[in-house]
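Listed here are the chains, written in short residue letters.
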Amino acid sequence: MNRLDSLFIGEVLRKARENSDLTQEEVAEMLGVGRDAILRIEKGTRKVTAEELHGLVNLYNMNVEDLLTIDTKEDIINMKGIILAGGSGTRLYPITKGVSKQLLPVYDKPMIYYPLSVLMQAKIKDVLIITTKEDQAGFKRLLKDGSQFGINIEYAIQPEPKGLAQAFTIGEDFIGKDPCAMVLGDNIFYGNGLSRELKQASINAKNGVATIFGYQVKDPERFGIMELDSQNNVVSVEEKPENPKSDYAITGLYFYPEGVSAKAHDVKPSKRGEVEITTLNDMYLQDKKLKARLLGEGYSWFDTGTFESLLDASNMIRTIESNRDKLICSPEVIAYENGWIDEDTLEKAASEQEKNNYGKQLRKVLGKR
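Residues numbered from 1 in each chain as written. Predicted model: local features only at pLDDT ≥ 70, side-chain atom pairs only at ≥ 80, totals over all residues. Heavy atoms only, no water.

Caption draft 1: Spotlight on the overall build of the protein chain. Counting its secondary structure elements, the protein chain contains 16 helices and 13 strands. In terms of overall size, the protein chain behaves like a compact globule, its C-alpha atoms giving a radius of gyration of 21 Å where 369 residues would be expected to give roughly 21 Å. Residues counted as buried form 52% of the 369 residues belonging to the protein chain. The contacts in the protein chain between residues at least 6 apart in sequence include a share of 74% that link residues at least 24 apart. (Helix = DSSP H or I, 4+ residues; strand = E, 2+ residues; numbered from the N terminus. Rg over C-alpha atoms; globule rule 2.2 N^0.38 Å. Buried < 20%, exposed > 50% of the residue type's maximum accessible area, 1.4 Å probe, protein only. Contact = heavy atoms within 4.5 Å.)

Caption draft 2: Seen up close, the side chain of Gln361. Along the polypeptide, Gln361 turns up in helix α16 (residues 357-367). According to the relative accessible area criterion, Gln361 is buried, its value standing at 6%. With residues up to four places along the chain from it excluded, the contact list for Gln361 reads Asp325, Lys326 and Leu327.

Caption draft 3: Spatial organisation of the environment of Asp178. Among the secondary structure elements, Asp178 is positioned in the loop between α9 (172-175) and β6 (180-184). Asp178 gets classed as partly exposed once you look at its relative accessible area, which sits at 22%. Linking Asp178 and Ala205, residues 27 residues apart in sequence, is a C-alpha distance of 9.4 Å. Contacts of Asp178, omitting those with residues within four sequence positions, involve Asn78, Lys80 and Glu258. Of note is the side chain of Asp178, whose polar atom sits 3.2 Å from the side chain of Lys80. (Polar contact = N/O pair within 3.5 Å; in protein donor to acceptor, adjacent residues only side chain to side chain.)

Caption draft 4: Representation of the packing of aromatic side chains in the model. By the definition in use, this model includes seven aromatic pairs. The structure contains a cluster of three or more aromatic residues connected by ring pairs, namely Phe168, Tyr254, Tyr256 and Tyr284. Here the guanidinium or amino end of Lys80 rests over the ring plane of Phe174, the centre of that ring lying 5.1 Å away. Above the face of the Tyr284 ring, Lys263 is positioned so that its terminal group lies 5.0 Å from the ring centre. (Phe/Tyr/Trp six-rings, centres within 6.5 Å; stacked < 30°, edge-to-face > 60°. Lys NZ or Arg CZ within 6 Å of the ring centre and 35° of its normal.)

Caption draft 5: Highlighting unusual backbone geometry. Note the cis peptide between Tyr93 and Pro94, where omega equals 5 degrees. Looking at where Pro94 falls in the secondary structure, it is placed in the loop between β1 (80-85) and β2 (105-106). With phi around 55 degrees, Lys144 is a residue other than glycine that occupies positive phi space. By secondary structure assignment, the location of Lys144 is in the loop between α7 (136-143) and β5 (152-157). One non-glycine residue, Lys240, lies in the positive phi region at around 45 degrees. By the secondary structure assignment, Lys240 is in the loop between β10 (234-239) and β11 (248-256).

Caption draft 6: How the structure looks around the nonpolar core. Core analysis: the biggest nonpolar cluster contains 53 residues, and Val127, Ile129, Leu143 and Phe255 have the highest contact counts within it. Ignoring any residue separated from it by four or fewer positions in sequence, one finds Phe255 in contact with Met79, Ala122, Cys180, Ala181, Leu198, Ala201, Ser202, Val209, Ala210, Thr211 and Phe213. (Core = buried A, V, L, I, M, F, W, Y, C linked by side-chain atoms within 4.5 Å.)

Caption draft 7: Just the packing of helix α2 (residues 24-31) against helix α4 (residues 50-59), in detail. Where α2 meets α4, the axes come as close as 11 Å, and the angle between the chain directions of the two elements is 120 degrees. On the basis of their axis angle, the class for α2 and α4 is oblique. Where α2 crosses over α4, the handedness of that crossing is right-handed. Here Val27, Met30 and Leu31 of α2 lie close against α4, whose contacting residues are Gly55, Leu56 and Leu59. Residues that form the contact of α2 with α4 fall into these classes: five nonpolar, one polar and no charged. (Axes fitted to C-alpha atoms, helices over the stretch in contact; angles between N-to-C directions. Parallel < 35°, antiparallel > 145°, perpendicular 65-115°, else oblique. Left-handed = near helix turned anticlockwise from the far one by under 90°. Nonpolar A, V, L, I, M, F, W, Y, C, P; charged D, E, K, R; others polar.)

Caption draft 8: View of the pattern of salt bridges. Tallied over the full model, the rule gives 17 salt bridges. Put simply, Lys364 and Asp325 hold a salt bridge, and the shortest N to O gap is 2.4 Å. Of the two residues, Lys364 is situated in helix α16 and Asp325 in the loop between α13 (307-324) and α14 (331-337); the sequence distance between them amounts to 39 residues. Accessibility expressed as a relative area gives 35% for Lys364, which makes it partly exposed. On the accessibility criterion, Asp325 (40% relative accessible area) is partly exposed. In this structure, a network of salt bridges that share partners links the residues Glu239, Arg272, Glu274 and Glu276. (Salt bridge = Lys/Arg side-chain N within 4 Å of Asp/Glu carboxyl O.)

Caption draft 9: Here's a closer look at the environment of Lys288. Note on placement: Lys288 falls in the loop between α12 (277-286) and β12 (290-294). For Lys288 and Ala210, which are 78 residues apart along the polypeptide, the C-alpha to C-alpha distance reads 9.6 Å.

Structural data, given as structure tokens:
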């Protein structure tokens, strides 16, 4: 859609603000204008100046492409989601000798809640959780069939870890002919505007294009890396290079179009015997069907596979929730805001956890409507 009239722009900007979890007052203060100006811009009764539009686009982590291509209507994209929660978690021994890493607490939630919340923010309701045989019972006990979150959760076993792209062959029947997103079970993403980034990645997948997410790191040799040109187009992808061509790590979040399972079957094992996700991404790149979304300032990404990163993530969640007096990355809250569960279901969740702040915060969400 390319009709840049005031009503269209206002509606797009309103949705972008809500996805960024900002109030009209907060936006007005950041831009140095009155709240009434933001209100009228969003209603389409006041034209937005070029300077204001530039400021709003930057504030919401948008770009011109987003403004031109995203329709204001809620696109229904039938998309599947996978959380890869296998592995032995040896970097966290002895903690993970008796429990799956993805069931460990990250402040006030099990680790698995965080990647699940990402898929739910992307409006994905059908989720496959891939686990080890030994750990699967624990995940089923915690998450059940997902109905308490208004979603459908299925489970599959990873017999042995043979690379991240293996998830798409394990989940082939589950995925079927739909596009599919995958997030690693130990990855945490947070930032204003994340919903918009996920929305664009979903649209890409619907249009036959894969999307990877980049995040600047100080030690790129530890990660899969994306090389970008001056327009932030992906030039190359490389797995843990000795001499990185950029400092943009490829995070553990991937969106693929229909047919990803068939493509994953064509990935030849690497020297270490794994079906590498980087090889899969390179196949899309060679087909000119790979895009990148860069998570810049205002975003946090954690690979919580070490003692230090696990503690850092917990501290970040605690600080944000304490400062804002609200839950973040909560499946119950996201489900309620998406309209997937009703007040009674949220009230039940709050009552089950009424002895701690998590339950109290769920009840506060009820009080806001």
